[in-house]
Structure formats: structure tokens, C-alpha cells
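Residue strings, one per chain:
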Amino acid sequence: MKIHEYQARQILSDAGIPVPQATVVRTPEEAAEAFKSFAGPMCVVKAQVYAGGRGKAGFVKLVKSADEARQAAQFMLTHRMTSYQTGPEGVPVSVLLVAPGVEIAKEYYLGMTLDRSRSTLTMIASAEGGVEIEEVAKKSPEKVLKEPLHPLLGLQGYQARELAYKLGFKDKLAGEAARVMVNLSTAFIKTDASLAEINPLVVTKDGKLLAIDAKFNFDDSALFRHNDIVAMEDESQEKPLDVRAKKANLNYIALDGTIGCLVNGAGLAMATMDIIKLHGAEPANFLDVGGSVTADGAIEAFRIILSDPKVKGILVNIFGGIAKCDVIADALVKAGREVGFKVPVVVRLEGTNVDKAREILRNAKSELPMILGASDLTDAAKKVTAAVKAA
Ligand code: GDP
Ligand code: MN
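Keep in mind that this is a model prediction, so the values were computed, not measured.

Calculation rules
The residue numbering used here restarts from 1 in each chain and proceeds along that chain's sequence as written. Chain A is the first chain written and ligand 1 is the first ligand written, with later ones labelled in order. Local features in this predicted model are restricted to residues whose pLDDT is 70 or higher, and side-chain atom pairs enter the listing and the counts only when it is 80 or higher, whereas totals over whole chains, interfaces and linings include all residues. Where side-chain values are given, they derive from all heavy atoms of the structure, hydrogens and water being excluded. The helix count covers DSSP runs of H or I at least four residues long, the strand count covers runs of E at least two residues long, and both are numbered beginning at the N terminus. Should any heavy atoms of two residues lie within 4.5 Å, those residues are counted as being in contact. Metal donors were taken as nitrogen, oxygen and sulfur atoms no farther than 2.8 Å from the ion, or 3.2 Å where the ion is Na, K or Ca. Water is excluded, so coordination may look unfinished. The cut-offs for exposure are 20% and 50% of the maximum accessible area for each residue type, with area from a 1.4 Å probe on protein chains only; residues under the lower value are buried, those over the upper are exposed, and the others partly exposed. A side-chain nitrogen of Lys or Arg and a carboxyl oxygen of Asp or Glu constitute a salt bridge if their distance falls within 4 Å. Aromatic contacts are taken between Phe, Tyr and Trp rings whose centres are within 6.5 Å, Trp giving its six-membered ring; a plane angle under 30 degrees counts as stacked, one over 60 as edge-to-face, and the others as tilted. In this analysis, the expected span of each helix is defined as 1.5 Å times one less than the number of residues it contains. Proximity is defined per residue: any heavy atom of the residue falling within 4 Å of a molecule or strand makes that residue near it. Polar contact is the term for a pair of N or O atoms within 3.5 Å; when the atoms are in protein, one must be able to donate a hydrogen and the other to accept it, and sequence-neighboring residues count only if both atoms are side-chain atoms. To measure how exposed things are, a 1.4 Å probe is used in the Shrake-Rupley method; for residues, cover is taken only from the protein chains shown. Each residue gets one of three labels, nonpolar for Ala, Val, Leu, Ile, Met, Phe, Trp, Tyr, Cys and Pro, charged for Asp, Glu, Lys and Arg, and polar for the others, Gly among them. It is the directions from the helix axis to the C-beta atoms that the arc portrays. A pair of strands is treated as paired once DSSP finds two or more bridges between them. Note on terminology: a nonpolar core comprises buried Ala, Val, Leu, Ile, Met, Phe, Trp, Tyr and Cys residues joined through side-chain atoms within 4.5 Å.

**Q** What is the right way to read the environment of Gly130 from this model?
**A** Note on placement: Gly130 falls in the loop between strand 6 (120–126) and helix 5 (133–139). Note: C-alpha distance between Gly130 and Gly53 (77 residues apart in sequence) is 9.9 Å. Setting aside anything within four residues of it in sequence, one finds Gly130 in contact with Glu107, Tyr108, Asn199 and Pro200.

**Q** What is the right way to look at the coordination of the manganese ion (ligand 2) in this model?
**A** Octahedral metals with six donors have ideal donor angles of 90 or 180 degrees. Tetrahedral metals with four donors have an ideal donor angle of 109.5 degrees. For the manganese ion (ligand 2), the protein coordination sphere consists of Asn199 (O) and Asp213 (OD), at 2.1 to 2.2 Å. Of this pair, Asn199 sits in strand 8 (residues 193–204) while Asp213 sits in the loop between strand 9 (209–211) and strand 10 (215–218), and the two are 14 residues apart along the sequence. Asp213 carries the same exposure label as Asn199, and that label is buried.

**Q** For this particular structure, what's the right way to read the pattern of salt bridges?
**A** Once the charged atoms of two side chains with opposite charge are near each other, the side chains can pair. In total, this model carries 25 salt bridges according to the counting rule given. Among the ionic pairs, Glu300 bridges to Arg244, the shortest N-O distance being 3.0 Å. Taken as a pair, Glu300 in helix 11 (residues 295–306) and Arg244 in helix 9 (residues 240–247) lie far apart in primary sequence, 56 residues in all. Here Glu300 falls in the buried class, since its relative accessible area comes to 14%. A single salt-bridge network, built from bridges that share partners, covers Glu5, Arg9, Lys46, Arg54 and Asp213.

**Q** Would you mind showing me how to read the packing of aromatic side chains here?
**A** For any pair of aromatic rings, geometry is given as the distance between the ring centres together with the angle between the planes. For the structure shown, the criterion picks out 4 aromatic pairs. Measuring from ring centre to ring centre gives 5.4 Å for Phe59 and Phe75, while their planes differ by 45°; the resulting arrangement is tilted. With Phe59 in the loop between helix 3 (54–57) and strand 3 (60–63) and Phe75 in helix 4 (residues 66–77), this pair connects stretches of sequence that are 16 residues apart. A relative accessible area of 3% means that Phe59 is categorised as buried. The exposure class assigned to Phe75 is partly exposed, which follows from its relative accessible area of 37%. Seen from their ring centres, Phe302 and Phe341 are 5.8 Å apart, and the 50° between their planes marks the pair as tilted. Of this pair, Phe302 sits in helix 11 while Phe341 sits in the loop between helix 12 (325–339) and strand 15 (345–351), and the two are 39 residues apart along the sequence. Neither residue differs from the other here; Phe302 and Phe341 are each classed as buried.

**Q** Explanation requested: helix 11 in the structure shown.
**A** Residues spaced three or four apart along an α-helix point in a common direction, a consequence of the helix completing one turn every 3.6 residues. The end-to-end C-alpha distance of helix 11, which contains 12 residues, comes to 16 Å, matching closely the 16 Å that a straight helix rising 1.5 Å per residue would cover. For helix 11, the complete set of buried residues consists of Gly297, Ala298, Ile299, Glu300, Ala301, Phe302, Ile304 and Ile305.

**Q** Teacher, can you tell me more about the site of ligand 1 here?
**A** Around ligand 1, the surrounding shell holds 17 residues, and the nearest of these are Lys46, Arg54, Gly55, Val102 and Glu107. Contact distances for ligand 1 include 2.7 Å between an oxygen atom and a side-chain N or O atom of Glu107. With the chains in place, 82% of the 570 Å² that ligand 1 exposes on its own is no longer accessible. Mapped by element, the contributors of at least two residues to the shell around ligand 1 are strand 2 (43–47), helix 3, strand 3, strand 5 (104–115) and strand 8. Within the shell around ligand 1, the residues separate by chemical class into 7 nonpolar, 6 polar and 4 charged.

**Q** How should the environment of Pro148 be read in this particular structure?
**A** Topologically, Pro148 is positioned in strand 7 (residues 145–148). Measuring from C-alpha to C-alpha, the distance between Pro148 and Leu121 comes to 6.0 Å, with 27 residues separating the pair along the chain.

**Q** Explain helix 13 (residues 354–363) to me, please; I cannot follow it from the model alone.
**A** Regarding helix 13, the residues found buried are Val354, Ala357 and Leu361. Viewed end-on, helix 13 has its buried residues packed into an arc of 55°, placing them on one side of the element. In helix 13, those exposed residues whose orientation departs by more than 90 degrees from the buried face are Asp355, Arg362 and Asn363.

**Q** Would you mind showing me how to read unusual backbone geometry here?
**A** Leave glycine aside and you will find that most residues have negative phi; peptide bonds, for their part, are mostly trans. The omega torsion of the bond from Asn199 to Pro200 falls at 15°, within 30 degrees of zero and hence cis. With respect to the element layout, Pro200 can be found in strand 8. The phi dihedral of Ala39 falls on the positive side, at around 50°, and the residue is not glycine. Checked against the element boundaries, Ala39 lands in the loop between helix 2 (28–38) and strand 2.

**Q** Can you help me understand the pairing of strand 5 in this one?
**A** A regular strand places its side chains on the two faces of the sheet in alternate fashion. Bridge count for strand 5 against strand 8 is 8 bridges, and the pairing is antiparallel. Paired with Leu110 across the two strands is Ile198, which belongs to strand 8. Sheet topology places strand 5 next to strand 6; 7 bridges connect them, and they run antiparallel. Bridge pairing links Leu114 to Leu121 in strand 6. In sequence, strand 5 turns back onto strand 6 through a hairpin of 4 residues, with Ser119 there showing a positive phi of about 55°.

**Q** Explain the nonpolar core here, please?
**A** What tends to happen in soluble globular proteins is that the nonpolar side chains get buried as a cluster. The biggest cluster of nonpolar side chains holds 41 residues, and the ones touching the most others in it are Phe169, Leu184 and Phe216. Secondary structure elements with two or more residues in this core: helix 1 (5–14), strand 5, strand 6, helix 6 (157–166), helix 7 (171–190), strand 8, strand 9 and strand 10. For this core, the element with the highest residue contribution is helix 7, accounting for 9 residues. Not counting the four nearest positions on each side in its chain, Leu184 is found in contact with Leu12, Ile17, Leu110, Gly111, Met112, Met123, Ala196, Ile198 and Phe216. One finds Ile314, Val316, Phe341 and Val345 within the second-largest nonpolar core, a separate group that totals 37 residues.

Here's what the structure looks like:
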């Protein structure tokens, strides 16, 4: 799960990390008022969206008057933001942050994530901050420092101090930077985050250390113990199909191919995607309807798959263990009646109540000619890829 920058700033601030004051606004007028309330020569107006790269996209703007603040806000609130982190469709903007502008002397990067190859939480730091850290890592990996955390002790003081010195901090600032690092790592662990970033962490011209951007992603599997974080979610920032899939308890990930997949079980879903690729086509999605799928869940799954215009064929691959094949077959027929199948739907069912399921599909054959039976998984993959290629 993601949250907005203004919410992530609050987490940083609660963790004792210095963050400049800021006001959340929703209209150009409020942005102008916020500028006046800070009574400084400069403010920054920042679109609150679930994506980075705002600076380059023109959605982080330094303004020098209330009027400029109003204009920047007007622009941001009436345009979707597109950056390298969004698709070409961009993301909508409905909330902005107005903060006093800081005079930056130097920008640093500071992040926390799980290093899966080492199986440890890891702090990532770089003196090349402000810019895309992925680019720095590609071009000059030696400029990206990584410090693994002890599984029980977390980021220890000596590690943070060493990192701070390696980044070039000296004297009092080195101590402050080390404290920011320890506090960030603590906040990361406490909130069950999967990613926490301060980019940039800046030293101002008058020698202050400040976090002026903040990003937190959270581990969905741990959200059950963080009601306060769940309450922060802004569904307008998610893709509509993702929101629907989540509500129906479906594990859905949109992909770029043409074959929609409806499968029960993540492992079977992966195998289904593999076999589609083996036969020369690409899956349009990963969709695991889960072991205990209901008819309603399955119908919603079909609706979601079919509302993707890239889908030219569907492969239904169900192993009836806890899930019953006849429930899926019923859902398939209902979905067909409701949404109408305009693309071939190749069905491979095996397991609990499979005979009943086959009968349901046989009886619906004349009504729903787009449903094609398959004798096994290879047969199903061949049929669906052939149908898509012919389309
Ligand atoms: P992002 O592009 O989405 O990561 O948004 P950021 O909040 O990181 O802002 C992008 C860039 O704008 C930063 O790296 C800074 O260079 C600049 N910026 C943001 N806030 C300020 C500010 O208060 N003062 C100055 N001078 N620059 C800022
Ligand atoms: Mn940033």
C-alpha cells in the first residue's frame, strides 16, 4: 500500500526527523492563503500523487508570490501528472502540499528497504540525492551505499555514523544525519514498511538538515495491524481495476499481453502464465481467485478481465480442490450471460465436481459458443494462443 507525501512526512516527523512545516490544500485559493500564512519570500507547491518524478513533470513548483502559488495550484489541479513512474495515462491530482521553500546547499538520498538477495533490511544512502536513485545505481553504483541491518538490533549507531561520514557529513551534521538514519530505520520497522525514502534529504544554506520529500510503501500482509495506515489510503490514486479486484479479494496484476487468465492459486497462475508464453503468446494479467472462491468473486473476476481492451482471449484454469469446479462453471455461464463473451474463453477444469461442471458447460454450449473446452493444460494453452493469433 502507498500513501501520500504529506502523510509520509507526518510519519517522519513523529519519528523525530526534521521536516519543514507544510499545509495541505485542495484549491488554488487555499494555496494562495497558505503562501501568505508562511510569510516568507518563497514556497514550494507539490502535487500529492502516488508517484515520483514530480519535479521534472512540473508538479513541484517553487513560487515567489501568493498569485504564483494560486497559478501553480490551478495548473496542477486541472492536469493529470505523467512521469516515468506512471503510465501514459498519468495520475489525477486533487491534493497539494504548500511548504516554505528551503535554500538547498546539497541534496542526499536516504532509503530503507528489504534486500531480498541478502534477506536483510537494508539502509541505502547516497550523496547524489534529489535525482532518480535508479539512474545513479545504474551509472555509478559505487555512489550508492548499502548497509544491512542486524535482524534484532536494527541499524546500530556506529553503522549510521559510518554511513554519515562516507556521505561526507562532518561534525555536528554527521551526528544529526546519523540520527535521521536511525530514526528512519525505526519508523520503517514500526510501520511494517516495504520502502521508505527521503529523497532529497537536504542541507540548507544555513546549515540545517531537513527531509523535504518523503515516501512510504507498506507491506500489505501486515496492514491488519495498522488501522491508522489503512485509513490513509486514497483510492483515487489506484487503477480502478486494482481497487475492484482488491474489494473482491482477488490477487490481480495487470500485464501487457493479450490472454486474460483466471486461475485459482498463485502457483497455478504462474504455471498458466508460463505455458501461455511457451506457446508464443503473452498473458494480459495475473489473476488468482483464491482457493475458496465464490460465484460472485468469479463473476467479478470475469468482469475485471473483460474490461481490459487488450484481452483477445481468456484461459480459465481451475484445479478444484477446495474450490469446486461447478461453482466456477456456474459463474462462467452467469458472467457470459451478463457481460457477453466477445472473445474466446478456453476452459480447463480438473478436480472436485468436474463432471458436474462439464455438464453445466455442455448445457450452455449453444447459448455461449465462445466457451471452448480443453482436455488438459497444454491443449488449453494451444487453443487459446491459436484463437488469439487468429483474431
Ligand atoms: P519528486 O520529483 O517527486 O521526487 O519531488 P521532490 O519533492 O523530491 O522535489 C523535486 C526537486 O525539487 C527536489 O529534488 C529539489 O531539487 C526541488 N525542491 C523541492 N522542494 C524544494 C524547496 O523547498 N526548495 C528548493 N530550492 N528546491 C526544492
Ligand atoms: Mn523526491
